[in-house]
Amino acid sequence: MEQGEAEGTAAEGARDELAAKFASWQVLHFDPAGCPVRDVLDRLGDKWSTLILLALSGGPARFSALNRAVPDISKRMLTQTLRDLERDGFVGREVFPTKPPSVEYRLTPLGFTMLEPLANLILWAEERHAAIRAARLRFDEANSAAAWPGA
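Remember, predicted model here, so these are calculated numbers, not experimental data.

### Brief notes about unusual backbone geometry
A cis geometry characterises the amide bond from Lys99 onward to Pro100, with omega recorded as -10°. Structurally, the position occupied by Pro100 is in the loop between strand 2 (91–96) and strand 3 (102–107).

Take a look at the structure:
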């Protein structure tokens, strides 16, 4: 079996598994407000959380090091994202009694469990980024303002 065929078979297996899970949620009249997928992806799908988890994958870091590692994040947004990740149990915070006090952030055991699926997602994104950008370009060209009367 060639690689493309193996990937197709794996994708079909994943497709079937995910379709069955979604169907079971619908039969149970799953409460969208309590959906674990939405709840977790709401955090990990934001603009900064994944980058901060990646920055902490190399080991503990202080606030200023994280701010340098993600240079386009504001200090306010870094603070808020770290608080959110700490609240969700992905990141731990340790305050050192120095003058002035210093704070170090690190992944928690729960945070470490996120690294493998995150690595797979990042690899997938890197491998398919050019194809996604090309698809966007094709879509945008086919659906320009001139193609949509009244837009």
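### A short note on helix 3 (residues 49–56)
For helix 3, every residue scored as buried is listed here: Ser49, Thr50, Ile52, Leu53 and Leu56. What you see down the axis of helix 3 is that its buried residues fit within an arc of 165°, all on one side.

### Some remarks on the UniProt feature "domain: HTH hxlR-type" (unreviewed entry) in the chain
The sites that carry the UniProt feature "domain: HTH hxlR-type" (unreviewed entry) are, in the present numbering, residues 35–133. Across residues 35–133, helical content stands at 62% and strand content at 14%; the span's end C-alpha atoms are separated by 30 Å.

### Quick word on the nonpolar core
Ile52, Leu53, Leu56 and Val91 are the most contacted members of the largest nonpolar core, which has 19 residues in total. Listing elements by their share of this core, those giving two or more residues are helix 3, helix 5 (75–87) and strand 3. Setting aside its immediate chain neighbours within four residues, Val91 contacts Leu53, Leu56, Leu82, Leu85, Glu86, Tyr105, Arg106 and Thr108.

What counts and how
- Here the residue numbers are simple positions, counted from 1 along each chain's written sequence.
- Given that this is a predicted model, residues contribute local features only at a pLDDT of at least 70 and side-chain atom pairs are listed and counted only at 80 or more, while totals for whole chains, interfaces and linings are drawn from all residues.
- Hydrogens and water molecules were not included; the side-chain quantities draw on all heavy atoms of the structure.
- By definition, any uninterrupted DSSP run of H or I lasting at least four residues is a helix, any uninterrupted run of E lasting at least two residues is a strand, and each is numbered from the N terminus.
- Per-residue accessibility, obtained with a 1.4 Å probe over protein chains only, is compared with the maximum for each type, and a residue is labelled buried under 20%, exposed over 50%, and partly exposed between these values.
- The arc in question is traced by the directions running from the helix axis to the C-beta atoms.
- UniProt positions are given in the numbering used here, feature names are shortened, and annotations may be inferred rather than shown by experiment.
- We call a set of buried residues a nonpolar core when its members are Ala, Val, Leu, Ile, Met, Phe, Trp, Tyr or Cys and they connect through side-chain atoms within 4.5 Å of each other.
- In this description, contact between two residues means that some pair of their heavy atoms is separated by no more than 4.5 Å.

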